[in-house]
Amino acid sequence: MSTSPAPTADTAQLTGAQVIVKALQEQGVELIFGYPGGAVLPLYDALFQQDKIRHILVRHEQAAVHAAEGYARSTGKVGVVLVTSGPGATNTVTGLTDALMDSVPIVCLTGQVPTHMIGNDAFQEADTVGITRPCTKHNYLVKRAEDLARIIHEAFYVARSGRPGPVVVDLPKNIQMAKAPYVGPSAVPPRGYHPRREPDPARVEEAIELLARAQRPIFYVGGGVINAGPAACVLLTELVRATGAPITLTLMGLGAYPASDPQFIGMLGMHGTYEANMAMYECDLMLAIGARFDDRVTGRLDGFSPRSKKVHVDIDPSSINKNVVVDVPIVGDAELTLVAMLDAWRRRANQVSRERLEPWWRQIKAWQEVDSLRFRQNGQAIKPQTAIKRLWEATRDRDVYVTTDVGQHQMWAAQHFKFDKPMRWLTSGGLGTMGYGFPAAIGVQLAHPKATVLCISGDASFVMNMQEMSTAMQYRLPVKTFILNNSYMGMVRQWQDFFHGSRHAESYMDALPDFVKLAEAFGAVGLRASTIDELDPVIEAALKADKPVLVDVVVERMENVYPMIPGGAAHNEIKLSPEDDGPHEAISEEGMVLV
Amino acid sequence: MKASEEERRHTIVVLVDNEPGVLARVIGLFSGRGYNIDSLTVAEIDKVRGLSRINIVTTGTPYVIEQIKALLAKLVPVHKVQDLTVEGPAVERELALVKVTGDRERLVQALRIADFMHARLVDSRPDSLIFEATGTSDELDAFISLVEPIEVSRAGVVAIARGPKVLTSDRA
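Residues numbered from 1 in each chain as written. Chains lettered and ligands numbered in written order. Predicted model: local features only at pLDDT ≥ 70, side-chain atom pairs only at ≥ 80, totals over all residues. Heavy atoms only, no water.

**Some thoughts on the overall build of chain A**
Note the threshold: Working definition: helices are DSSP H or I runs of at least four residues, strands are E runs of at least two. Numbering for both runs from the N terminus. In this description the radius of gyration comes from C-alpha coordinates, and the expected globular size is given by 2.2 Å times residues to the power 0.38. With a 1.4 Å probe rolled over the protein chains alone, any residue whose accessible area is under 20% of its type maximum counts as buried; one over 50% counts as exposed, and the rest are partly exposed. Should any heavy atoms of two residues lie within 4.5 Å, those residues are considered in contact.
Counting its secondary structure elements, chain A contains 24 helices and 18 strands. For chain A, the C-alpha radius of gyration of 25 Å lies close to 25 Å, the compact-globule estimate for 595 residues. Principal-axis analysis of the C-alpha atoms places the extent of chain A at approximately 75 × 60 × 45 Å. In chain A, which comprises 595 residues, the share counted as buried stands at 61%. In chain A, the proportion of contacts linking residues at least 24 apart, taken out of those at least 6 apart, comes to 76%.

**Considering the sheet that holds strand β6 (residues 166–172) of chain A**
Two orientations exist for strands paired in a sheet by backbone hydrogen bonds: parallel and antiparallel. Residues and elements named next belong to chain A. As a reminder of what qualifies: In this scheme, strands are said to pair when DSSP sees at least two bridges between them. A fitted line through C-alpha atoms represents every axis, and for helices the fit uses only the stretch in contact; the resulting angles, taken between N-to-C directions, go from 0 to 180 degrees.
Taken in spatial order, the 6 strands of this open sheet run β2-β1-β3-β4-β6-β5, and their pairing is parallel. One side of each edge strand has no neighbouring strand; the edge strands of this open sheet are β2 (54–57) and β5 (138–141). Sheet twist, expressed as the average angle between the axes of neighbouring strands with direction ignored, equals 20°. Bridging between strand β4 (residues 106–112) and β6 involves 7 bridges; their strand directions are parallel. Each bridged residue has a counterpart across the sheet, and for C108 the counterpart in β6 is V168. The sheet strands contacting helix α3 (residues 61–75) are β1 (31–34), β3 (79–83) and β4, and the helix crosses β3 at an angle near 165°.

**Quick word on the pattern of salt bridges**
Residue and element names in this part refer to chain B. Cut-off, in case you're wondering: Salt-bridge detection follows one rule: a side-chain nitrogen of Lys or Arg within 4 Å of a carboxyl oxygen of Asp or Glu.
Scanning the model with the defined rule gives 37 salt bridges over all chains in all. Residue D83 pairs with K69 through a salt bridge whose shortest N-O separation is 2.9 Å. Linking D83 in strand β4 (residues 78–83) with K69 in helix α2 (residues 62–74), this pair joins segments that are 14 residues apart in sequence. Each member of the pair, D83 together with K69, is buried. In this structure, the salt-bridge partner of E151 is K99, at a minimum N-O distance of 3.7 Å. Residue E151 is found in strand β8 (residues 151–161), and its partner K99 is found in strand β5 (residues 90–101); the two are separated by 52 residues along the sequence.

**Remarks on helix α1 (residues 22–31) of chain B**
The cut-off we apply is this: What the arc describes is the spread of directions from the helix axis to the C-beta atoms.
Taken residue by residue, α1 of chain B has V22, R25, V26, L29 and F30 of chain B as its buried positions. On an axial view of α1 of chain B, the arc spanned by its buried residues comes to 135°, and they lie on one face. In this structure, the buried side of α1 of chain B is in contact with β5 of chain A together with β1 (8–17), β3 (51–60) and α2 of chain B.

**Examining the sheet that holds β5 of chain B**
All names here are of chain B. In spatial order, the strands read β6-β7-β5-β8; together these 4 strands make up an open sheet with antiparallel pairing. Across the chains shown, the open sheet's two edge strands, defined by having one partner strand only, are β6 (120–125) and β8. Neighbour-to-neighbour, the strand axes of the sheet open up by a mean angle of 10°, direction not taken into account. Where β6 lies against strand β7 (residues 128–135), 5 bridges are found, and the strand directions are antiparallel. Residue S124 lies in a different strand from β7, and its bridge partner there is L129. Against the sheet, helix α3 (residues 104–116) makes contact with β5, β6 and β7, and its axis sits at roughly 15° relative to β7, the strand it touches most. The sheet strands contacting helix α4 (residues 137–147) are β5, β7 and β8, and the helix crosses β5 at an angle near 15°.

**A word on the nonpolar core**
Residues and elements named next belong to chain A. Which entries qualify depends on this criterion: We call a set of buried residues a nonpolar core when its members are Ala, Val, Leu, Ile, Met, Phe, Trp, Tyr or Cys and they connect through side-chain atoms within 4.5 Å of each other. An automatic or database domain assignment supplies the residue ranges for each domain.
F219, L236, I289 and F417 are the most contacted members of the largest nonpolar core, which has 82 residues in total. Mapping this core onto the domain boundaries places at least three of its residues in each of domain 2 (201–368) and domain 3 (384–554). Those residues in contact with F417 that sit more than four places away from it in its chain are I388, L391, W392, T395, V400, V402, W412, L454 and I456. L31, V168, Y436 and Y475 belong to the second-largest nonpolar core, a separate cluster that totals 43 residues.

**Focus: the pairing of β5 of chain A**
Within a regular strand, the side chains alternate between the two sheet faces. All names here are of chain A. Defined as follows: Think of it like this: strands point away, you trace from the first strand over the helix to the second, and a clockwise trace means the crossover is right-handed.
Pairing analysis gives 4 bridges linking β5 to β6, with the strands arranged parallel. Residue L141 lies in a different strand from β6, and its bridge partner there is D170. Following the chain from β5 across helix α7 (residues 148–160) to the adjacent parallel β6, one finds a crossover that is right-handed.

**Section: the domain arrangement of chain A**
Residues and elements named next belong to chain A. Formally: Throughout, the accessible surface (probe 1.4 Å) given up by two parts as they are put together, summed over both, is called the buried area.
Per the domain assignment, the segments of chain A are domain 1 (16–187), domain 2 (201–368) and domain 3 (384–554). Taking only C-alpha atoms, the centre of domain 1 and the centre of domain 2 are 37 Å apart. With 7 residues of domain 1 at the interface, the matching set in domain 2 holds 6 residues. For the pairing of domain 1 and domain 2, the buried interface totals around 590 Å² over both sides, and the portion due to carbon and sulfur atoms is 50%. In terms of surface lost to domain 2, no three residues of domain 1 exceed R73, D102 and R163, which account for 63% of the buried area on that side. Inspection of the region where domain 1 meets domain 2 yields 1 salt bridge. For D316, the salt bridge identified is with R163, shortest N-O distance 2.8 Å.

**Considerations on the domain arrangement of chain B**
All names here are of chain B. The domain architecture assigned to chain B consists of domain 1 (3–83) and domain 2 (91–160). Just the C-alpha atoms count here: the centres of domain 1 and domain 2 sit 28 Å apart. Each partner contributes residues to the interface: domain 1 has 9 residues there, and domain 2 has 8 residues. Of the roughly 540 Å² buried where domain 1 meets domain 2, counting both sides, 45% is carbon and sulfur surface.

Rendered as structure tokens:
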């Protein structure tokens, strides 16, 4: 790190900005999401003078990061963001935190005031590396032009390797303008950072031995398997089918295993299915892969799956034994671990009888008969669940991607939209960022121009980043946004009804815009469905449109998300709809403080 | 109380790249999660390769300590993490500068204690003395409580494993 290779004659004349562009090109970057400003003008000038990398102009820097997340999560590549110093950089903080929580590979280039002015409270100066240190996987301030190429390449390596995450590179303006040497990725010396990918074979054997003997096993799988790549998802499907065990997926893991497969018993967690949560509670072996035992998944920790042996596969050693202590920890890449597990299983397969799982499956079928996702569509008012189901049915034959915002609509989408393939479902799981969905959909559509990209949103969430309709118009992106409009911050209202005496403090959205006119003001298509009869024709019209569409789906206002594990409750204390509805005074005081 | 819930003091040493912000990353990891730092020292130990060594003394349950070590090892500039409390016997030393003021009788008394406890006199004035004391943290605590100083400056714990075992970077 301390010494840089000597510049060669042909590259010695590049400016810092040209070096950055060359490095991005060599990293295979196709798209950059950004917003210009004073401190990045040299870099914008260098981008202007080339045609390999396309720049997408967003309307707010937070949206640039979400769009890059959408691009990254739907392609498996690194998403790239370019913003200016000061407010440009601080506006990315929510997006960076979102990417950190959900393990999305992002490289975010931020402009900075010239090195000699750093610390002077210069115009549009902010301590970007200081501010972004806790919300990035790593960050850099480039102080010497000769470090530039190495740092850009290293940033991509750090962002995509191990547990992926966002990396910020802060670029003072004088460094962009100085002459700088170029080096390729192969000339970058390795650092101390080497994430472990190969699992410990002895632990894999131990895990598979437990699986072979288990009477009530369950696979509990999260977004880590999707991050490991489509091959890991294929291996997962093979292993689960070979073992005959049930599988549940986290919110982030949806699509890692086909939802249409009978061994899939639905999403687990706070709004997961009854059968998935009960199976987690009653299992005797839990095989967690690429999941991090989030509080939304575990419920009350001392009541979490009390009788099971637990195996945990994760690329991030700090995820293991963080919330739940496990019996067999395996640090490794999901794909390599699944290869080893499948091999270990096949060596035992003829000694294992699938009949041993029959009582377990009988129990699960009984739980499934509860039909915990049921809802009754009666009358003309559109149930939000109906809207999601119809949308799913109408797009089943299409190459479809779905993004969401955060709240009730997100949970209904997770419950009722079925994904058979990975990387098709993009939602803000960890941070829970309202305003994620629409810009993320823009990123997805740019990565997959021919695909059908749906953004399922809420009236409150959509407004948080609605300025991006200008971006969608500029690049003629036919993203189809469906707002499940109940005029409430629905999930806030639901919690106020359950836990705060139905006092709807500030959760009612007075003075919402007319979403149809809003769309039209941007030049997009605005549609509205207010009754059940209008729903299908409006969906059909939206899917036909070849430019951005905003659909205002006016839904039943007081509908709640079920089933629900209240805060501070265990999996077996799950509440079903609607008989259990009513005052929820039973919640513990300990549960009340949980978010 | 179960063994898994018992809090224990650990001395952890970390080999890092000597680059701007590396200490802030380490400290941020502790403050951001509410873990304790009892003592922290940092200095460059290899100028050629630009490596620094950080010595951290922290207190926590076994799982918290495991979490701290995993999080430290995840930081990009971190080369190696070693828990000297777990990984075997280690030498731990701390240095303190201790100022005592007062009348002649009090200073003579302090000199006597310092002599007995192997502290060095490094500054001497008619009405004040400064001692340099090195030893384990417990030894320093004992010395400080005996001389009743007016001001104390402590360097924090530095530690190294006993025997031939060494903490080195894998990187050339």
